[in-house]
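If you want the building blocks of each chain, they are given just below.
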Amino acid sequence: MAASAKELRYRRSVDGSLAKELDWAVRERELRHAGEAPRHPAREAERVHEIPKVQLRERQHVSVFSMLGAAAVTGMAVLLLLCYVQLTMLSADTVELKSQLEELETEHVALTAEYERMFDLATVRAAAEAAGMTKPSASQVCYLDISGGNSVEIYQVEDPGLLDRIKALFNHGVYAVVEYFN
C-alpha cells in the first residue's frame, strides 16, 4: 500500500492532462488512513461513557479438607522455621562453649605448671630454710599411742528456760535487722 501511495503522490508521467484529478484529495486521505478502523464521532462519544461488563465466575466452594491441609502445611512450615532457629542458637552456643573450653584448657596447663613449680620439694625446702625453719630433733618428736579402744563421752545439755529462749530470739532479731541494713 505504501508503494501505491508513493505512486499517486509523485507521478512522473503525465496521462495527457496536467490538471489534477478531482478525486485526488479523497484518495490521498484514504491512503493515509488505510488499515484504520472507520471513525464515527457519535459512536466514540457513546463508547467513552460505556462501563465494560466483567464476566464473573460462579463462586466455588472450598473443601474443608483442603483448608485443614493448608493449615497443617503452614503449621509445619512454622515449626520447621522454629527448629532451624533453635538449631542455629545451639550451634552458636556450641561454638562459644568450644572457644571457652580452649581458653580453660590453656589456663589449666598454665596453672598446673605453676602448681608443680610451687610444690617442688627443693623450692619448699629453700623457702623453709629462708624462713628459719629446721627439722625437729629427736627430743621434739612426740608419739601417740592409740592402741586402746575408742570411746566417746556425751554430756547432757540442760534445756534453756523461757527467759533464755526469749533473750536468744531477741539477739537473733537484732542481729538480723543490723545485717539487713548493712
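Residues numbered from 1 in each chain as written. Predicted model: local features only at pLDDT ≥ 70, side-chain atom pairs only at ≥ 80, totals over all residues. Heavy atoms only, no water.

**Q** Run through the overall build of the protein chain, naming residues and quoting values.
**A** What the protein chain contains, in helices and strands, is six helices and zero strands. Counted from the first residue to the last, the protein chain has its helices and strands arranged as α-α-α-α-α-α. Per-residue burial for the protein chain yields a buried fraction of 1% across its 182 residues. Of the roughly 19000 Å² of accessible surface on the protein chain, a fraction of 62% belongs to carbon and sulfur atoms. (Helix = DSSP H or I, 4+ residues; strand = E, 2+ residues; numbered from the N terminus. Buried < 20%, exposed > 50% of the residue type's maximum accessible area, 1.4 Å probe, protein only. Areas by Shrake-Rupley, 256 points an atom, 1.4 Å probe, with all protein chains shown as cover.)

**Q** Describe in detail a negative patch on the surface, supporting the description with residues and values.
**A** Together, Glu-102, Glu-103, Glu-105 and Glu-107 make up a negatively charged patch on the protein surface. For Glu-103, the position within the fold is in helix α4 (residues 64-118). (Patch = residues over 30% accessible without salt bridge, like charges linked within 9 Å, V, L, I, M, F, W, Y side chains within 5 Å. Salt bridge = Lys/Arg side-chain N within 4 Å of Asp/Glu carboxyl O. Lys, Arg positive; Asp, Glu negative; His and termini not counted. Charge placed at Lys NZ, Arg CZ, Asp CG, Glu CD.)

**Q** So, helix α6 (residues 162-181): which residues are in play, and what are the values?
**A** In this model, α6 (20 residues) spans 29 Å end to end at C-alpha, consistent with the 28 Å of a helix rising 1.5 Å per residue. Within α6, only zero of the 20 residues are buried, leaving the element largely exposed. (Expected span 1.5 Å × (residues − 1).)

**Q** Go over α4, please, and point to the residues and values.
**A** Helix length check: α4 (55 residues) gives 79 Å between terminal C-alpha atoms against 81 Å at 1.5 Å per residue, within 8%. The N-cap residue of α4 is Ser-63: its side-chain oxygen and the backbone nitrogen of Phe-65 are 3.3 Å apart. (Polar contact = N/O pair within 3.5 Å; in protein donor to acceptor, adjacent residues only side chain to side chain.)

**Q** Give me a nonpolar patch on the surface: which residues, what numbers.
**A** Taken together, the side chains of Met-76, Val-78, Leu-79 and Leu-82 make up a nonpolar region of the molecular surface, amounting to roughly 400 Å² of accessible area. With respect to the helices and strands, the residue Met-76 is situated in helix α4. Relative accessible area serves as the criterion here: at 57%, Met-76 is assigned to the exposed category.

**Q** Any chance you could break down the confidence of the model for the protein chain for me, citing the residues and the numbers?
**A** When pLDDT is averaged along the protein chain, the result is 81; 79% of the residues meet or exceed 70. Within the protein chain, the lowest mean pLDDT, 53, falls on helix α1 (residues 2-9), and the highest, 95, falls on α4. (pLDDT = per-residue confidence, 0-100.)

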